[in-house]
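Coordinate inspection notes
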Amino acid sequence: MRKKLTPKLLDNLSPAEDKRYEIRDELVRGLLIRLSRTGGKVWYLATRIDGVLRRVKLGTYPVLSLKDAREKAQSLLRDIQLGTFQVRDVEPAPKVLTLGDVILQFITRYTQRHTKDWKGTERVLMRMNTLHGLKIDTSSAPMSFGRSNGCPCLISKNGARRRI
């Protein structure tokens, strides 16, 4: 729905009943306010950037007033027209944990607090330095730890044991 937005109209808007809805501004092309069921009001700018329809979040109402939202939207539209607007890059993927990272976390978070002989545990775990570079895949663990004849070992998926 398209309306001429005013501060009075924004204050009197009721929250969405079933699902969120949007009201577009008549004065600034692409500016809209989205109302949620919880009563939240968020400003967006809907426009095409490099041929792809995008919604750029401007801020929340009443923190960002109608006047400020219009100014910000016009500024962004100007930057898009001039080609100076930068689409925010996708955040880098989280760091993949290695066995060495997990061992250090285990020692500091658990063994130092709950084990009297935590230095002995640390010594045993640090002997596995050849395995410290292995990446930890949480979806399918290729190996688990166990004991074979009282010595620590790795147990692969097929049950084979390898002493450390």
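Everything here concerns the structure above.
Residues numbered from 1 in each chain as written. Predicted model: local features only at pLDDT ≥ 70, side-chain atom pairs only at ≥ 80, totals over all residues. Heavy atoms only, no water.

Brief notes about helix H2 (residues 66-82)
As a reminder, the rule being used: Helix and strand labels come from DSSP, where a helix needs a run of H or I of at least four residues and a strand needs a run of E of at least two; each type is numbered from the N terminus. By this rule the span expected of a helix is its residue count minus one, scaled by 1.5 Å. What makes two residues a contact is simply this: any of their non-hydrogen atoms within 4.5 Å.
For H2, which comprises 17 residues, the first-to-last C-alpha distance of 24 Å matches the rise-based estimate of 24 Å (1.5 Å per residue) to within 8%. In this structure, the buried side of H2 is in contact with helix H1 (7-12), strand S2 (21-25), strand S3 (31-35), strand S4 (41-49) and strand S5 (52-61). Following H2 by one or two positions, Gly83 adopts a phi angle in the positive range, close to 80°.

Thoughts on the packing of aromatic side chains
Filter applied, for reference: Stacked, tilted and edge-to-face are the three classes assigned to paired rings of Phe, Tyr and Trp, where Trp is represented by its six-membered ring and a pair needs centres within 6.5 Å; plane angles under 30 degrees give stacked, over 60 edge-to-face, the rest tilted. The buried label applies to any residue whose accessible area, calculated with a 1.4 Å probe on protein chains only, is under 20% of its type's maximum; exposed applies above 50%, and partly exposed to all values in between.
In total, this model carries 2 aromatic pairs according to the counting rule given. Measuring from ring centre to ring centre gives 6.2 Å for Trp43 and Tyr61, while their planes differ by 80°; the resulting arrangement is edge-to-face. Placement of the pair is Trp43 in strand S4 and Tyr61 in strand S5, with a sequence separation of 18 residues. Across this residue pair, the class does not change: Trp43 and Tyr61 are buried. Where Phe106 meets Tyr110, the ring centres are 5.5 Å apart and the plane angle is 20°; that geometry is what we call stacked. Taken together, the residues span about one helical turn, with Phe106 and Tyr110 both in helix H3 (residues 99-114) at a distance of 4 residues.

Focus on the sheet that holds S2
Operational definition: Here, any two strands with at least 2 DSSP bridges between them count as paired.
Here we have 5 strands laid out as an open sheet, ordered S1-S2-S3-S4-S5, and mixed in their pairing. Where the open sheet ends on each side, the last strands, each with one partner, are strand S1 (2-3) and S5. Pairing between S4 and S5: 9 bridges, direction antiparallel. Paired with Trp43 across the two strands is Gly59, which belongs to S5.

Focus: the side chain of Arg34
We apply this condition: Two N or O atoms form a polar contact when they lie within 3.5 Å of each other; inside protein one atom must be a possible hydrogen donor and the other a possible acceptor, and for residues adjacent in sequence the pair counts only when both atoms belong to side chains.
Within the element layout of this structure, Arg34 appears in strand S3. Side chain to side chain, Arg34 and Glu22 meet in a polar contact 2.8 Å long. Residues contacting Arg34, with those up to four places away along its chain left out, are Arg20, Tyr21, Glu22, Gly40, Lys41, Val42, Tyr44 and Arg55.

Comments concerning the environment of Lys19
If you trace the backbone, Lys19 turns up in the loop between H1 and S2. By relative accessible area, Lys19 is classed as exposed at 66%. Considered as a pair, Lys19 and Leu35 are 16 residues apart in the sequence and their alpha carbons are 8.9 Å apart.

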